[in-house]
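Breakdown of the fold
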Amino acid sequence: MDNFQFYSPTEFVFGKGTENEAGRYVKKHGGSNVLLHFGEGSAVKSGLLDRVKSSLEEQGITYTELGGVKPNPRDTLVYEGIELCRSKGIDFILAVGGGSVIDSAKAIAMGVPYDGDFWDFYCGKSPEAALPVATVLTIAAAGSEGSGDSVITKEEGGLKRGAGSDLIRPRFSIMDPELTCTLPAYQTACGATDIMAHVFERYFTNTTEVEITDRLCEAVLLTMIKETPRVIADPGNYQARANIMWAGTVAHTNIVGVGREQDWNSHGIEHELSALYDCAHGAGLAVIMPAWMEFVCSHNVLRMAQAAVRVWGCEMDFERPENTAREGIARFRRFLRSIGMPINFAELGAKEEDIPALVEKFGIGDGRTGGFVELSAEDIAKIYHIAANAQI
Ligand code: NZQ
Ligand code: ZN
């Protein structure tokens with residue numbers, strides 16, 4: 001196991017009705033004049049936004065609303081949010097929604113106290129200050145409710161890039177699994193795929209002697225394999241929703257990834273798809289992650305076979321462990337198909353002829369990137385081609 005530092009300062013408030021406590025928690029964490037940030041309407045339609053507003057009013061907290069965050073959140077609304085916060089003297093940002101709303105809130109939080117362009121933080125610069133951010137989560141997926149990351153798309157040129165800082169880790173996150181019962185099956189499955197991908201990005205490592213994090217990863221994956229079909233079949237199943245919601249947070253605070261090298265190429269490769277086609281991040285991962293696994297399989301076949309045995313229940317072929325590893329990947333694809341995810345470019349709405357443009361935007365030139373396996377631009381093109389033509 002490698003040396004590590006683990007910092008997860010978020011206060012998680014989990015369970016039925018907890019959204020009615022939002023005002024109390026804002027006050028506890030020092031907010032008095034809030035930017036209430038939300039998406040394109042689900043929180044309004046469900047009545048959630050009204051309940052959150054009432055809880056702020058009960059505590060005498062003033063607020064300004066900024067809705068309209070789109071999935072794959074855009075820089076344009078972030079600029080608007082920064083100006084709004086400055087003009088209204090906002091001291092706290094409350095994101096009510098999913099990863100997109102939370103990431104947009106985090107971008108605004110970094111941008112408000114900064115003199116330059118907030119996009120600098122998405123090109124490698126570290127922020128020195130940020131407004132406090134908190135969340136009321138409505139979808140189990142990105143893990144942004146517990147992460148120090150934010151992913152934003154620049155409208156001009158369609159660049160999707162990430163920023164990371166402990167300053168944007170949410171002060172608190174309210175997580176009521178009941179709120180996720182209104183999610184359509186497709187969004188539920190996209191979220192589940194993203195959660196599993198966050199674990200696989202960490203599971204495939206060259207670091208040895210990492211039993212504790214291996215086992216934590218496997219626990220999250222086995223939970224997702226059991227619970228996802230239950231909520232697809234029965235969207236109102238509170239207990240299954242609750243298990244998935246907490247799995248999504250555990251998958252991405254990095255508690256399952258500390259002390260080990262991680263990969264993250266599948267995420268980078270996927271982000272170009274959601275930037276170009278505006279598809280859901282989880283759906284893009286369903287197409288990319290098994291393709292990446294196929295491409296890197298021979299690099300550390302025993303680790304791939306370990307996943308196949310412990311996660312997918314395959315029998316170990318000691319003579320030819322590669323067969324076991326490949327069977328694990330096949331079972332992953334079949335699982336994704338069973339929950340309604342696309343498995344190739346056509347099903348996602350992507351085009352094979354766009355691959356050179358996708359690789360170009362990925363932007364590594366002659367360099368290499370990745371933790372488990374370092375990839376060149378040519379390797380990435382090959383992975384897109386595997387993804388384009390995948391079949392079951
Ligand atoms: O906008 P509304 O109307 O709220 O609709 C949303 C949106 O259309 C809908 N939705 C959310 N909660 C709902 C609901 N519909 C009905 N009932 C509910 N309770 O779901 C749609 C998707 O929402 P979105 O926030 O985009 O989903 P998700 O949480 O998957 O976030 C995706 C974004 O997070 C980024 C992705 O790249 C993508 O941009 N990621 C962020 C990470 C992070 N910050 O740590 C890590 C991830 O790897 C990921 O890259
Ligand atoms: Zn993700």
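Model, not experiment: these values are computed from the prediction.

1. Focus: the packing of aromatic side chains
Tallied over the entire structure, the rule returns 18 aromatic pairs. Ring geometry for Tyr 25 versus Phe 172: centroids 5.7 Å apart, planes at 45 degrees, classification tilted. With Tyr 25 in helix α1 (residues 22-28) and Phe 172 in strand β8 (residues 172-175), this residue pair connects regions lying 147 residues apart in the sequence. Neither Tyr 25 nor Phe 172 differs from the other in exposure class; each is buried. Measuring from ring centre to ring centre gives 6.2 Å for Phe 92 and Phe 172, while their planes differ by 25 degrees; the resulting arrangement is stacked.

2. A closer look at the coordination of the zinc ion (ligand 2)
As a benchmark, a tetrahedral metal site with four donors has ideal angles of 109.5 degrees, while an octahedral site with six donors has ideal angles of 90 or 180 degrees. Coordination of the zinc ion (ligand 2) by the protein comes from Asp 194 (OD), His 198 (NE2), His 267 (NE2) and His 281 (NE2), over a distance range of 2.0 to 2.2 Å. Each donor residue of the zinc ion (ligand 2) belongs to the same chain, and together they define the spacing D-x3-H-x68-H-x13-H. Here Asp 194 is found in helix α6 (residues 185-203), whereas its partner His 281 is found in helix α10 (residues 281-296), with 87 residues between them in sequence. When its relative accessible area of 3% is taken as the criterion, Asp 194 is described as buried. Assessed through its relative accessible area of 16%, His 281 is described here as buried.

3. A word on the site of ligand 1
Contacts to ligand 1 come from 32 residues, most closely from Ser 42, Gly 99, Ser 100, Thr 182 and His 198. The contact in question runs from an oxygen atom of ligand 1 to an N or O atom on the side chain of His 267, over 2.9 Å. Between ligand 1 and His 281 there is a distance of 3.2 Å, counted from an oxygen atom to a side-chain nitrogen or oxygen. Contact with the protein chains covers 89% of the free accessible surface of ligand 1, which is 960 Å².

4. Here we look at α10
With 16 residues, α10 extends 21 Å between its outermost C-alpha atoms, agreeing within 8% with the 22 Å of an ideal straight helix rising 1.5 Å per residue. Taken across its 16 residues, α10 has 14 buried, putting it largely inside the fold.

5. Some thoughts on a nonpolar patch on the surface
Together, Met 1, Phe 4, Phe 6, Ile 212, Leu 216 and Ile 255 make up a nonpolar patch on the protein surface, roughly 540 Å² of accessible area in all. By the element assignment, Met 1 lies in the segment before β1 (11-14).

6. Describing the sheet that holds β1
The strand order β1-β8-β5-β4-β2-β3 describes an open sheet built from six strands, whose pairing is parallel. The open sheet has two edge strands with one neighbour each: β1 and β3 (62-66). Between one strand axis and the next, the sheet turns through 20 degrees on average, direction left out of account. Pairing analysis gives four bridges linking β1 to β8, with the strands arranged parallel. Along β8, the bridge assignment pairs Val 13 with Ile 174. Along the sheet, helix α4 (residues 75-88) contacts β2 (33-38), β3 and β4 (92-97); its crossing angle with β3, the most-contacted strand, is approximately 160 degrees. The strands that helix α5 (residues 99-111) touches are β2, β3, β4 and β5 (133-137); relative to β4, the one it contacts most, it runs at about 165 degrees.

7. Looking at the pairing of strand β7 (residues 159-164)
The side chains of a regular strand alternate, first on one face of the sheet and then on the other. Bridge analysis of strand β6 (residues 149-154) against β7 gives six bridges, and the strand direction is antiparallel. Paired with Lys 154 across the two strands is Leu 159, which belongs to β7. Hairpin connection, β6 to β7: the antiparallel pair is bridged by four residues, and Gly 157 has positive phi, about 90 degrees.

8. Looking at the packing of helix α9 (residues 265-277) against α10
Between α9 and α10, the least distance of the axes is 9 Å, while the angle of their chain directions is 130 degrees. If you check the angle between α9 and α10, you find them oblique. The handedness of the crossing between α9 and α10 is right-handed. Side by side, α9 and α10 meet where Asn 265, Ser 266, His 267, Ile 269, Glu 270, His 271 and Leu 273 of the first sit next to His 281, Gly 284, Leu 285, Ile 288, Met 289 and Trp 292 of the second. Partitioning the contact of α9 with α10 into residue classes produces six nonpolar, six polar and one charged.

9. Observations concerning the side chain of Thr 253
Locating Thr 253 in the fold gives a position in the loop between α8 (238-252) and α9. Within the local environment of Thr 253, its side chain forms a polar contact with the backbone nitrogen of Ile 255, the two atoms lying 3.3 Å apart. Once residues within four sequence positions are removed from consideration, Thr 253 is found in contact with Phe 6, Ser 8, Phe 12, Gly 146 and Arg 169.

10. Re the domain arrangement of the protein chain
As assigned here, the protein chain comprises domain 1 (11-179) and domain 2 (185-388). Computed over C-alpha atoms, the centres of domain 1 and domain 2 are 27 Å apart. Taken residue by residue, the interface counts 27 residues in domain 1 and 25 residues in domain 2. Across the interface of domain 1 and domain 2, roughly 2000 Å² is buried in total on both sides, 60% from carbon and sulfur atoms.

11. Structural notes on the pattern of salt bridges
What the rule picks out here adds up to 23 salt bridges. Two residues, Glu 19 and Arg 51, come together in a salt bridge whose shortest N-O distance is 3.0 Å. Placement of the pair is Glu 19 in the loop between β1 and α1 and Arg 51 in helix α3 (residues 48-58), with a sequence separation of 32 residues. Across the pair Arg 331 and Glu 327 runs a salt bridge whose closest N-O atoms are separated by 2.9 Å. You can see Arg 331 and its partner Glu 327 sitting in helix α12 (residues 321-338), four residues apart, about one turn around the helix.

Thresholds applied
Residues numbered from 1 in each chain as written. Chains lettered and ligands numbered in written order. Predicted model: local features only at pLDDT ≥ 70, side-chain atom pairs only at ≥ 80, totals over all residues. Heavy atoms only, no water. Phe/Tyr/Trp six-rings, centres within 6.5 Å; stacked < 30°, edge-to-face > 60°. Helix = DSSP H or I, 4+ residues; strand = E, 2+ residues; numbered from the N terminus. Buried < 20%, exposed > 50% of the residue type's maximum accessible area, 1.4 Å probe, protein only. Donors = N, O, S within 2.8 Å, 3.2 Å for Na, K, Ca; no water. Near = heavy atom within 4 Å. Polar contact = N/O pair within 3.5 Å; in protein donor to acceptor, adjacent residues only side chain to side chain. Areas by Shrake-Rupley, 256 points an atom, 1.4 Å probe, with all protein chains shown as cover. Expected span 1.5 Å × (residues − 1). Patch = residues over 30% accessible without salt bridge, like charges linked within 9 Å, V, L, I, M, F, W, Y side chains within 5 Å. Salt bridge = Lys/Arg side-chain N within 4 Å of Asp/Glu carboxyl O. Pairing = 2+ DSSP bridges. Axes fitted to C-alpha atoms, helices over the stretch in contact; angles between N-to-C directions. Contact = heavy atoms within 4.5 Å. Parallel < 35°, antiparallel > 145°, perpendicular 65-115°, else oblique. Left-handed = near helix turned anticlockwise from the far one by under 90°. Nonpolar A, V, L, I, M, F, W, Y, C, P; charged D, E, K, R; others polar. Domains from an automatic or database assignment. Buried area = accessible area lost by both parts, 1.4 Å probe.

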